[in-house]
Amino acid sequence: MMHAHWRPEGYTVPNATVYPWQWLWDSCFHAVVWAALGEPARALTELRSALADQDELGFVPHVRYPVPGSRPHASFWGREASSSITQPPMYGHALAELARRGVDVPDDVVDRAVAGVRFLLEHRARDDDGLVTVVHPWETGCDDSPRFDHWCGADGWDRRRWYEVKGDLLATVERSPCGSPVANPAFPVAPAGFNALLAFNAAELGLRHEADELATALGRRWEPNLLTWADGDHASGCVRTVDALLPALVSPRRRAEALGQFDDDAAFGGRFGPPAVHRAEPSFDPRSYWRGPVWPQLTYLLALAGAPVGDRLVAGAVASGLAEYWHPDSGEGLGAVPQSWAGLAVVVDGA
Ligand code: GLC
């Protein structure tokens, strides 16, 4: 799959038909997979490519369109070759993983990764708790998460309406003079999961102090009755989603309580991995995009945090035919098949 998805421009497509361009956090996970497959040169090439359109403030766009003849979203994003928002800065982890495997990572790539994380730490608007805001739901990577349902309008969540709202939210993004997205007054949300990944990647790049500060701020977001970290923007900002348990990566204090839910079949347990939404939430739907299926990249991250889900990631990747996401109880493949980040199963398998 990885070889079939490799493109001569130097990156791996998530899926050849559904996702034929380069996505930022996908590419970071692909780099980890390439390294585990014994191909560190490809891993580095893919990371360089993912970071290639970084701007002078450090902002890294979340989609790149490296092939000039295949740039259908230029008017949507307001720029030709890339999107104008970002995704979780997983390049910190990818580079640290390469270094742990003995790969000599060139300084210029490390410098770009540090600049990407620093952009988020220093130029992004913060909320009252001192956490970093995203400018758009897509920046979290968790597009249709029920955490955002209250932003969909008074009539409740509806897929088509949500897509329109997401389009509208692009218009209110505030930008620096060079075009980097720095705030969105119409969406001032600082998600727990995004901040956890920012802190985790900062720590992976040696920015310990900055990582600790965010981890401390996340501590104020723990909801003891719900056993989740809240997004802090609204009541539905504490819907129990699996990405909201990612602070366990950087916060030992609540780790045991948070991760205990992966052994509970009424919570986040599942033979083929943790469902994206707690099973008792009214929005839980095990076949619906971001509203219940298992996501391999989140499962991998939770395994890194100490959750007992590595074997389930492997079982789900195999049963689903390396799907984009899958059913937590049957392993039925959902979304695009095959999807490159399901290759993360070889990483935990080899661990
Ligand atoms: C979907 C996912 C996003 C991912 C992209 C490519 O948009 O929600 O997280 O990066 O697909 O796989």
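The text that follows walks through the structure, step by step, so that each part is easy to find. Since this is a predicted model, take the numbers as computed values, not measurements.

Okay, the site of the ligand next. Near the ligand you find P14, Y19, W23, W25, D26, Q87, G141, D143, Y289, W290, Q339 and W341, and these make up its full shell. A distance of 3.0 Å separates an oxygen atom of the ligand from a polar side-chain atom of D143. At 2.9 Å from an oxygen atom of the ligand is found a side-chain nitrogen or oxygen belonging to W290. Coverage of the ligand by the protein chains reaches 95% of its 310 Å² of free accessible surface. Considering only residue class, the shell around the ligand consists of 7 nonpolar, 3 polar and 2 charged.

Take the nonpolar core next. Judged by nonpolar contacts, the single largest core of 99 residues is most densely connected at Y91, L95, L98, F262, Y300, L301 and L344. When residues of this core are assigned to their parent elements, the largest contribution, 9 residues, is made by helix α2 (residues 24-36). Setting aside residues up to four positions removed in sequence, L301 forms contacts with F29, M90, L197, F200, L246 and L249. In terms of nonpolar packing, the next biggest core, distinct from the first, is built from 12 residues, W23, V63, I85 and L170 among them.

What follows covers helix α8 (residues 192-204). An α-helix turns once every 3.6 residues. As a result, residues three or four positions apart point the same way. Taking 1.5 Å as the rise per residue, α8 with 13 residues should run 18 Å; its terminal C-alpha atoms sit 18 Å apart, in good agreement. Within α8, 11 of the 13 residues are buried, which leaves the element mostly enclosed by the surrounding structure. Turning to α8, its buried residues are A192, G193, F194, N195, A196, L197, L198, A199, F200, N201 and A202. Where α8 is buried, its residues meet α2, α5 (91-100), α6 (107-123), α9 (208-219), β8 (228-229) and α11 (296-304).

Attention now goes to the packing of α5 against α8. Helix packing geometry: the angle between the two helix axes and the distance between the axes. It is the contact of α5 with α8, at a shortest axis distance of 7 Å, that shows an interaxial angle of 35 degrees. Remark: the crossing between α5 and α8 carries left-handed chirality. Listed contacts from α8 to Y91, G92, H93, A96 and R100 of α5 are F200, N201 and E204.

Another aspect to go through is the pattern of salt bridges. Applying the stated criterion to the full structure yields 23 salt bridges. Close ionic contact of R42 with E39 constitutes a salt bridge, the shortest N to O distance being 2.8 Å. Owing to a relative accessible area of 24%, E39 belongs among the partly exposed residues under this scheme. Across the pair E80 and R71 runs a salt bridge whose closest N-O atoms are separated by 3.9 Å. Classification of R71 as partly exposed rests on a relative accessible area of 26%. One salt-bridge network, in which partners are shared between bridges, spans E97, R100, R101 and E204.

Look at α6 against α8: their axes get within 10 Å of each other, and the N-to-C directions meet at 130 degrees. Taken together, the axes of α6 and α8 lie oblique to each other. Crossing hand, α6 versus α8: left-handed. Where α6 approaches α8, its residues V117, L120 and L121 are matched on the opposing element by F194, L198, N201 and A202. Looking at the contact of α6 with α8, its residues break down into 6 nonpolar, 1 polar and no charged.

Inspection of every chain in the model, using the stated rule, returns 23 aromatic pairs. Centre to centre, the rings of W77 and W138 are 6.0 Å apart; their planes meet at 65 degrees, and the pair counts as edge-to-face. Here the residue W77 occupies a position in helix α4 (residues 74-77), and W138 occupies one in the loop between α6 and α7 (159-171), the gap between them amounting to 61 residues. One exposure class covers both W77 and W138, and it is buried. Between W290 and W295, the aromatic rings sit 3.8 Å apart at their centres with planes inclined by 10 degrees, giving stacked as the arrangement. Here W290 and W295 have matching classes, each one buried. Connected via pairs of aromatic rings, a cluster forms that spans W25, F29, Y289, W290, W295, Y300, Y325 and W341. A cation over a ring is seen here: R42 above W34, with NZ or CZ 4.9 Å from the ring centre. The ring of W157 has R291 sitting right over it, with the charged end atom 3.7 Å from the ring centre.

Calculation rules
- Residues numbered from 1 in each chain as written.
- Predicted model: local features only at pLDDT ≥ 70, side-chain atom pairs only at ≥ 80, totals over all residues.
- Heavy atoms only, no water.
- Near = heavy atom within 4 Å.
- Polar contact = N/O pair within 3.5 Å; in protein donor to acceptor, adjacent residues only side chain to side chain.
- Areas by Shrake-Rupley, 256 points an atom, 1.4 Å probe, with all protein chains shown as cover.
- Nonpolar A, V, L, I, M, F, W, Y, C, P; charged D, E, K, R; others polar.
- Core = buried A, V, L, I, M, F, W, Y, C linked by side-chain atoms within 4.5 Å.
- Buried < 20%, exposed > 50% of the residue type's maximum accessible area, 1.4 Å probe, protein only.
- Helix = DSSP H or I, 4+ residues; strand = E, 2+ residues; numbered from the N terminus.
- Contact = heavy atoms within 4.5 Å.
- Expected span 1.5 Å × (residues − 1).
- Axes fitted to C-alpha atoms, helices over the stretch in contact; angles between N-to-C directions.
- Left-handed = near helix turned anticlockwise from the far one by under 90°.
- Salt bridge = Lys/Arg side-chain N within 4 Å of Asp/Glu carboxyl O.
- Parallel < 35°, antiparallel > 145°, perpendicular 65-115°, else oblique.
- Phe/Tyr/Trp six-rings, centres within 6.5 Å; stacked < 30°, edge-to-face > 60°.
- Lys NZ or Arg CZ within 6 Å of the ring centre and 35° of its normal.

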